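Structural overview for review
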Amino acid sequence: DAGVIQSPRHEVTEMGQEVTLRCKPISGHDYLFWYRQTMMRGLELLIYFNNNVPIDDSGMPEDRFSAKMPNASFSTLKIQPSEPRDSAVYFCASSLVHEQFFGPGTRLTVL
Amino acid sequence: GQQLNQSPQSMFIQEGEDVSMNCTSSSIFNTWLWYKQDPGEGPVLLIALYKAGELTSNGRLTAQFGITRKDSFLNISASIPSDVGIYFCAGYSGGGADGLTFGKGTHLIIQP
């Protein structure tokens, strides 16, 4: 099993640019989660999907953030326009029920 | 929202020592999970607990689900250098699969 796959691993961009983060969950997992990790706030849930449908997006910071899951094997998190305060590590995780398995993360730096 | 209070924030220990860390909440949780995160990587699941009072081991790691369902602890026996990292507790308060609530983590540092 390849585990949760995220790309890119690192992203450096300039303020105002669009950023797209990608995730491939573990095959067969019904749930997909996007988290953000910063030193100040720790791990925060942004949004999660069940069977490709967004269930709870209350953690999405603002309208600049959007997430999609067009099929069971792919999800994207988009930030448009990006701002320096968006700099963080973004994790994707997937699960069958309770045990969530995390990807390696995307380290985003917005200059 | 719900919060998990994890302590200690950091631990400086000697190789071979036992380690104990815990997580508490003012709310009841139905599931407790313990993760370890190495630098530059995502959290890796160590142990999952589903019943109050449950005690589960994974090698040198032992975790318990508190009787009150408001706390959990993780013990590491005979620590080794590869135990270095950040340990997170996490919990679910609902019945289904939901976003996990995470503690702030315990940073374990092993001194030579």
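Every residue gets a number counted from 1 within its own chain, in the order that chain's sequence is written. As a convention, the first chain written is A and the first ligand written is 1, with the rest following in written order. Per-residue local features are limited, in this predicted model, to residues with pLDDT of at least 70; the limit for side-chain atom pairs, both in listing and counting, is 80 or more; totals at the level of whole chains, interfaces and linings are taken over all residues. Excluded from the side-chain calculation are hydrogens and water; included are all heavy atoms of the structure.

Moving on, we come to the overall build of chain A. Note on conventions: DSSP H or I runs of at least 4 residues are helices, E runs of at least 2 residues are strands, and numbering of each starts at the N terminus. Scanning chain A from terminus to terminus reveals zero helices and eleven strands. Each helix and strand of chain A, placed in order from N terminus to C terminus, yields the pattern β-β-β-β-β-β-β-β-β-β-β. On C-alpha atoms alone, chain A measures out to a radius of gyration of 13 Å, which is about the 13 Å that the 2.2 N^0.38 rule sets for 111 residues. Each of the three principal axes of chain A carries a C-alpha extent, and together these read 35 × 25 × 25 Å. Burial classification: accessible surface area is computed with a 1.4 Å probe over protein chains only, and a residue below 20% of its type maximum counts as buried, one above 50% as exposed, and the rest as partly exposed. Looking at the 111 residues of chain A, the share that counts as buried comes to 48%. The contact criterion used throughout is that any non-hydrogen atoms of two residues lie within 4.5 Å. Long-range pairs, those at least 24 residues apart, make up 53% of the contacts in chain A with a sequence separation of at least 6. With the radius of gyration taken over C-alpha atoms, the globule rule is written as 2.2 Å times the number of residues to the power 0.38.

Attention now moves to the packing of aromatic side chains. Describing an aromatic ring pair means giving the distance of the ring centres and the angle of the ring planes. Aromatic contacts are taken between Phe, Tyr and Trp rings whose centres are within 6.5 Å, Trp giving its six-membered ring; a plane angle under 30 degrees counts as stacked, one over 60 as edge-to-face, and the others as tilted. Inspection of the entire model under this criterion finds 13 aromatic pairs over all chains. Put simply, the rings of A:Tyr31, A:Phe33, A:Tyr35, A:Tyr48, A:Phe91, A:Phe102, B:Tyr35, B:Phe88 and B:Phe102 pair up and form one aromatic cluster.

Let's shift gears to the interface of chain A and chain B. Tallying the contact residues gives 20 residues for chain A and 21 residues for chain B. As used here, buried area is the combined drop in accessible area, with a 1.4 Å probe, of two parts when they are placed together. The junction of chain A with chain B conceals about 1,600 Å² of combined surface from both sides, 54% of it contributed by carbon and sulfur atoms. Any Lys or Arg side-chain nitrogen located within 4 Å of an Asp or Glu carboxyl oxygen qualifies as a salt bridge. The interface formed by chain A and chain B contains zero salt bridges. Within 3.5 Å is the distance limit for a polar contact, defined as a pair of N or O atoms, with the added protein rule that one can donate a hydrogen and the other accept it, and that residues adjacent in sequence qualify only through two side-chain atoms. Applying the counting criterion to the chain A and chain B interface returns eight residue pairs in polar contact (both at pLDDT 80 or more). For the side of chain A that touches chain B, the secondary-structure elements that each account for two or more residues are β4 (31-38), β5 (42-50) and β10 (101-102) of chain A. In terms of residue class, the side of chain A that touches chain B is made up of twelve nonpolar, five polar and three charged. Under this grouping Gly is polar, as are all residues other than the nonpolar Ala, Val, Leu, Ile, Met, Phe, Trp, Tyr, Cys and Pro and the charged Asp, Glu, Lys and Arg.

Residue and element names in this part refer to chain A. Here a strand pair is declared whenever DSSP counts at least two bridges between the two strands. With antiparallel pairing, four strands are arranged side by side in an open sheet as β1-β3-β8-β7. Whereas interior strands pair on both sides, the edge strands pair on one side only; in this sheet they are β1 (5-7) and β7 (65-71). Strand-to-strand, the axes of this sheet are offset by a mean angle of 15°, without reference to chain direction. Across three bridges, β1 lies against strand β3 (residues 19-24) in antiparallel orientation. Bridging from a neighbouring strand, isoleucine 5 pairs with lysine 24 of β3. In this description, a line fitted to the C-alpha atoms serves as the axis of each element, helices being fitted only across the stretch in contact, and the angle between N-to-C directions of two axes falls anywhere from 0 to 180 degrees.

To continue, consider the sheet that holds strand β1 (residues 5-7) of chain B. Residues and elements named next belong to chain B. The five strands are arranged β1-β3-β8-β7-β6 in an open sheet whose pairing can be described as antiparallel. For this open sheet the edge positions go to β1 and β6 (55-58), each flanked by a neighbour on one side alone. Across this sheet, the average inter-strand angle for adjacent strands is 15°, counted without regard to direction. Taken together, the five bridges between strand β7 (residues 61-65) and strand β8 (residues 71-76) define a ladder with antiparallel strand orientation. Bridge pairing links glutamine 64 to phenylalanine 73 in β8.

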